[in-house]
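Listed below are the residues making up each chain.
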Amino acid sequence: MNQQVLSTQAKQSTLLERYKAARMQTEELCEPLQPEDFVVQPVVDVSPPKWHLAHTTWFFESFILKNNLPDYKLFDDDYPYLFNSYYETEGDRWVRADRGLLSRPWVNEIMAYRKYIDEHMNQFLANHQLDDKLLDVLEIGINHEQQHQELMVYDIKHILGINPLSPVYRSFSAAPYQPNLAVNFLEVEEGVYDVGHVGEGFHFDNEEGAHKVFLHAYRIQDRLITAGEYMEFVAAGGYTDFRFWLMEGFEWVKKEGIKAPFYWYKEGEKWKHYTLGGVEEINENEPVTHISFYEADAFAKWKGMRLPTEFEWEVACKKFAPNVPSEANLLDLKHLRPMPRKGENLQFYGDVWEWTNSAYSPYPYYQAADGALGEYNGKFMVNQMVLRGGSFATMREHIRPTYRNFFHPHLRWLFTGLRLAENI
């Protein structure tokens, strides 16, 4: 047996173990939920947990098992219609806004579906040698499920957080420490820099197209803006002063009656917010989170600065924090919250996603893959803004300097914050 075959077998064995771990992690996220929690969809952007459980399962069934495992039979002929998300190549699908109407199939039927797919995936991977193309699809499927794990944390928090009972998802504890809240800026000189993913490690197609960009000299803060600093913006009337807002953002603020970050409310003189551990008084030292691009941009202007571009963020990250620290997030279910900066550590990874001032668009040389997986990223490259850095609900394997997240500028149920930048 030649070395290449051995290498392929080792890769397949590793992917099988990662597949099993990812599938278990998804179900672990659901352990604190009650059956009634699994079907709620408060807004179009939130998907019920039951739908996530089924959709991630449908992905493996549709893209691996259906056309590759001999004599494979679909678990249920209706499931491809119910649990396809946006893949036009895979046919018609249930309307996204109506996912919460699917009281059937029951949760236990979805769990049976997951078990059925896992058994067939284990059988397929144990008894068949996958070619490189199919191994790549399996890799994407694992990362796809991990992305949905993060989305599930957003969605579970939204489902529970708008409930007037403010139910606790899980109790958390953390050792107190004195955070470093010094205001320091990192300087990057004018020049031409390389951006985009390079190397053999996994990455999504929107990171491809490594290329050069010219950047003027700039400074970028070495930590995130805190909740306490954002409170000053709120107290100064930042939400009612049009001078700091993009027109579209100010119209959004007025129409929706926005007065503070999502989940924030004032009780007497104290700001409180809903967390996955229930209602708490806001820790002013934690990074502010649950703000839209509009709010981040307005805060930066109020401070007389701006948001960095995605390329400024990436170049500074690679220059000053090239290695993801070992303690960076691993979707730690024991502590799902942002953390104040410790000591002299640079705060670049795994706290909250950071809005940048860059529209989501393709890199030079970007090419969408053939078939359904070509729909994964490219078709969304319009009317969205790029976020960088990862959040405390991002899987550790996803945290890297080149990872590009993207959302519409008004959304804030995800874990989003900001850092400041300015020209030199």
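Use the structure listed above.
Residues numbered from 1 in each chain as written. Predicted model: local features only at pLDDT ≥ 70, side-chain atom pairs only at ≥ 80, totals over all residues. Heavy atoms only, no water.

### Some words on the sheet that holds strand S6 (residues 270–275)
The sheet built from three strands is open, its strands ordered S5-S6-S7 with antiparallel pairing. The sheet is open, and its two edges are formed by strand S5 (264–267) and strand S7 (278–281), each paired on a single side. Between one strand axis and the next, the sheet turns through 35° on average, direction left out of account. The pairing of S6 with S7 spans four bridges and is antiparallel. Residue pairing for S7: threonine 275 is matched across the bridge by glycine 278. (Pairing = 2+ DSSP bridges. Helix = DSSP H or I, 4+ residues; strand = E, 2+ residues; numbered from the N terminus. Axes fitted to C-alpha atoms, helices over the stretch in contact; angles between N-to-C directions.)

### Side note on the packing of helix H2 (residues 49–68) against helix H5 (residues 132–161)
Viewed as axis vectors pointing N to C, H2 and H5 meet at an angle of 170°, and their least axial separation amounts to 8 Å. Comparing their axes, H5 and H2 come out roughly antiparallel. Among the residues forming the contact of H2 with H5, the class breakdown is 15 nonpolar, seven polar and two charged. (Parallel < 35°, antiparallel > 145°, perpendicular 65-115°, else oblique. Nonpolar A, V, L, I, M, F, W, Y, C, P; charged D, E, K, R; others polar.)

### Quick word on the pairing of S5
Summarising the sheet, S5 and S6 pair through four bridges and their orientation is antiparallel. Paired with tyrosine 265 across the bridge in S6 is lysine 272. Connecting S5 to the next strand, S6, in antiparallel fashion are two residues, including glycine 268 with a positive phi near 65°.

### Focus on the side chain of glutamate 312
Mapped onto the secondary structure, glutamate 312 falls in helix H9 (residues 310–320). The buried category is assigned to glutamate 312, whose relative accessible area is 6%. At a separation of 3.0 Å, a polar atom in the side chain of glutamate 312 contacts the main-chain amide nitrogen of threonine 309. Ignoring sequence-local partners within four residues, the contact set of glutamate 312 consists of Leu215, Tyr218 and Arg306. (Buried < 20%, exposed > 50% of the residue type's maximum accessible area, 1.4 Å probe, protein only. Polar contact = N/O pair within 3.5 Å; in protein donor to acceptor, adjacent residues only side chain to side chain. Contact = heavy atoms within 4.5 Å.)

### Thoughts on the pairing of strand S9 (residues 385–388)
The two faces of the sheet receive side chains in turn, since in a regular strand these alternate between them. Residue alternation in S9 divides its side chains into two sets, Met385 and Leu387 and Val386 and Arg388, and both sets are buried. Strand direction decides the pairing type here: strand S8 (residues 353–359) and S9, joined by three bridges, are antiparallel. In the sheet register, glutamate 354 faces S9, and the bridge partner there is arginine 388. Pairing of S9 with strand S10 (residues 405–407), which is carried by three bridges, proceeds in the antiparallel orientation. The residue bridging methionine 385 from the neighbouring strand is phenylalanine 407, located in S10.

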